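# Analysis of the macromolecular model
So you can see what is in the structure, the chains are spelled out below.
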Amino acid sequence: MSHGRGWTVPALPILLRVNDGGDIFETTARAVIDASGTYRSPNSLASSGLEPLGLREVADLVSHALPDVLGRDRIRFAGRHTTVVGAGHSAANTLLNLAALAEAEPGTRVTWLIRNASAVRVTTSEDDELAARASLGARVNTLVASGAIEVLDRFEIVRLSRDADAVRVVGYRHGELVDHHTDLVVNATGYRPNLNMLREVRLELDDIVEAPKRLAPLIDPNVHSCGTVEPHGFAELQQPESGFFLAGIKSYGRAPTFLLATGYEQVRSITAWLAGDMAAATKVELALPATGVCSTAAAAESATCCS
């Protein structure tokens, strides 16, 4: 049974089980656009990609990315030593907020732990057309140079353990096993999609990036920056499950190069296709800012772009 010019109603509708504040019910839909994001699925702190040994022992001292350091989480971080792990823009924003907190709250210390020699995606942003993002690297570099932020580079975390009310971070640095002691850890190592709720859905994903297979070559972070992603729409996002699409940052899998403008165009294309307007669905246009960040091609030591 066709709907308009581009949409075929599946033989069976898609069943959704919804938890609405504890009220669980089931409903059906002729199509689903999964734009549930990746924020609640952080990458591992350990360089192996596995959950680091000891994480559960210190889970209460490990924060998700982008805590509200200057707002509701202020009391947690004030006067304490926080180590931010990760080399991306989430890490940079948290570092800036912690440095601002340190100016107002005596005893607040900030350490930046990265596994590579430098945070190239943050600190080489002079040609970024997003002005606010371009300024992040310069501001962080200034704070590092002043001593407000201590940097531990080439640190590959192996395990964590509790040391009274603090965390002992154990890892390899310059080939030697070393310890780093801190009160709190912020995990800003990037994200990956949570596919658990899609176990009964037929998916076709790239083995490495975990993005839709037809989209993955267009967004590979070892090749593309945020601004060099080609226009794409419903054709690259639809899955073998009839009527099911991945969109937004979840469609990018592990790639950190997503921009909101891309997501808006994705959803516009999908909804046009669902409405039967093939002309609008296939005419996908993206005007993205030029940028020298996000891609890992500039850093030979960065084999992946996930932190």
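Refer to the structure presented above.
Computed from a prediction, not measured in an experiment: that's the story for all the values here.

## Observations regarding the sheet that holds strand β10 (residues 155-163)
Pairing in this open sheet of three strands is antiparallel, and the strands run β10-β11-β12 from one edge to the other. Only two strands of the sheet have a single partner each, and these edge strands are β10 and β12 (176-182). Adjacent strand axes in the sheet meet at a mean angle of 25° when their direction is disregarded. Pairing between β10 and strand β11 (residues 166-173): eight bridges, direction antiparallel. Residue pairing in the sheet places I157 in a bridge with G171 of β11.

## Details of the sheet that holds strand β9 (residues 150-152)
Read across the sheet, five strands follow the order β6-β13-β7-β8-β9 without closing on themselves; strand pairing throughout is parallel. The open sheet is flanked by β6 (62-63) and β9, the only strands paired with a single partner. As judged from the five bridges shared by strand β7 (residues 81-85) and strand β8 (residues 109-113), these two strands associate in the parallel manner. Bridge pairing in β8 links V85 to L113. Strands β7, β8 and β13 (184-187) of the sheet are contacted by helix α2 (residues 89-104), whose axis makes an angle of about 165° with β8.

## Description of helix α7 (residues 260-274)
For α7, spanning 15 residues, the distance from its first C-alpha to its last is 21 Å, which sits close to the expected 21 Å at 1.5 Å a residue. Where α7 terminates, the next one or two residues include G276, which has phi positive at roughly 85°.

## Some thoughts on the pairing of β13
Residues L184 and V186 line one face of β13 and the alternating positions V185 and N187 line the opposite face, and both faces are buried. As defined by bridge partners, β6 adjoins β13 across two bridges and the pair is classed as parallel. Residue pairing in the sheet places V62 in a bridge with V185 of β13. Note that β7 and β13 share four bridges and pair parallel. Each bridged residue has a counterpart across the sheet, and for T82 the counterpart in β13 is L184.

Basis of the calculations
Residues numbered from 1 in each chain as written. Predicted model: local features only at pLDDT ≥ 70, side-chain atom pairs only at ≥ 80, totals over all residues. Heavy atoms only, no water. Pairing = 2+ DSSP bridges. Helix = DSSP H or I, 4+ residues; strand = E, 2+ residues; numbered from the N terminus. Axes fitted to C-alpha atoms, helices over the stretch in contact; angles between N-to-C directions. Contact = heavy atoms within 4.5 Å. Expected span 1.5 Å × (residues − 1). Buried < 20%, exposed > 50% of the residue type's maximum accessible area, 1.4 Å probe, protein only.

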